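Examination of the molecular architecture
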Amino acid sequence: MIIADRPELLVVGYATRTTNEAEADPERARLPALWQRAGAPGAFAHVPGRVDENIYAVLTDYESDHTGAYTQIIGIAVHTAARLPEAMVAVRVPGVPSLHLEVRGPLPQTLIEAWQFLWQHPEHRSFTTDLEVHHQAGVDLYIAARAAYSEAG
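In what follows, the accompanying structure is described.

Reading the values: rules and limits
- Residues numbered from 1 in each chain as written.
- Predicted model: local features only at pLDDT ≥ 70, side-chain atom pairs only at ≥ 80, totals over all residues.
- Heavy atoms only, no water.
- Buried < 20%, exposed > 50% of the residue type's maximum accessible area, 1.4 Å probe, protein only.
- Helix = DSSP H or I, 4+ residues; strand = E, 2+ residues; numbered from the N terminus.
- Arc of directions from axis to C-beta.
- Contact = heavy atoms within 4.5 Å.
- Core = buried A, V, L, I, M, F, W, Y, C linked by side-chain atoms within 4.5 Å.
- Salt bridge = Lys/Arg side-chain N within 4 Å of Asp/Glu carboxyl O.

1. Quick word on helix α3 (residues 109-119)
Turning to α3, its buried residues are T110, L111, A114, W115 and L118. Taken down its axis, α3 places every buried residue within 140° of arc, on the same side. Looking at the buried residues of α3, the elements they touch are β3 (55-60), β6 (97-103), β7 (130-135) and β8 (138-144).

As structure tokens, this is what we get:
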């Protein structure tokens, strides 16, 4: 892991509130349906001002740490969110020092393994706003670093 200065970003997409415990139970998991909705053909076709072709997953509004509830938004980066399509939300991802992990290999297994590693090291995280950038080469994770860790890193 390295510390990177993540630039500020505006993401428009679909949101849900969940927990890691719920996601481990197929009966209660909300993320598969959210990813299916965001991955549908033309899901973001009516969103103006798209920045690039990446898909972004924003994890924010943490109740506590990796054991509490959080909100996940899956969407696209945009220049402005003046007009939101129905059922979509906009979230500003602040530019903060972040732990940067490059996830490469078969998805979703490598991404799950990266998150499991992070859950074992909560002392490095601020639990504010985290970002997954999904692109052709894989996924880049930007995990908001705890201030003391980012200054020492």
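2. Let's talk about the nonpolar core
Soluble globular proteins tend to bury their nonpolar side chains together. Core analysis: the largest hydrophobic core is formed by 29 residues, its most contacted members being Y14, F44, V47, W115 and L141. At the level of elements, β2 (9-18), α2 (31-39), β3, β4 (70-77), β6, α3 and β8 are the ones that each hand at least two residues to this core. Setting aside residues no more than four positions away along its own chain, F44 makes contact with V12, G13, Y14, A38, R50, I55, I74, G75, I76 and M88.

3. Description of α2
By the burial criterion, the buried members of α2 are L31, L34 and A38. The buried side chains of α2 occupy one side of the element, clustering within an arc of 60° when seen end-on. Residues of α2 that are exposed and point more than 90 degrees away from the buried face comprise P32, Q36 and G39. Against the buried residues of α2 lie β2, α1 (20-23) and β4.

4. Overview of the pattern of salt bridges
On inspection of all chains with the given rule, the structure shows five salt bridges. The salt bridge partner of D25 is R28, with a shortest N-O separation of 3.3 Å. Where R104 meets D140, a salt bridge forms, and the shortest distance between an N and an O atom there is 3.1 Å. On the criterion of sequence distance, the pair formed by R104 in the loop between β6 and α3 and D140 in strand β8 is long-range, its members being 36 residues apart. Given a relative accessible area of 34%, R104 falls into the partly exposed group. Here the residues in one salt-bridge network are E21, D25 and R28, joined through shared partners.

5. Here we look at unusual backbone geometry
Of all residues except glycine, most have a negative phi; of all peptide bonds, most are trans. Between L107 and P108 the backbone carries a cis peptide bond, its omega angle lying at 10°. Inspection of the secondary structure puts P108 in the loop between β6 and α3. You will see that D61, though not glycine, has its phi angle at about 55°, which is positive. Mapped onto the elements of the fold, D61 is located in the loop between β3 and β4. For D61, a relative accessible area of 48% translates into the label partly exposed. Of note in this structure, F127 is not a glycine but carries a positive phi near 55°. Tracing the backbone shows F127 in the loop between α3 and β7. Residue F127 is classed as buried on the basis of its relative accessible area, which comes to 9%.

6. Describing the environment of P32
Structurally, the position occupied by P32 is in helix α2. Under the relative-accessibility criterion, P32 is labelled exposed at 53%. Between the C-alpha atoms of P32 and F117, which are 85 residues apart in sequence, the distance is 21 Å.

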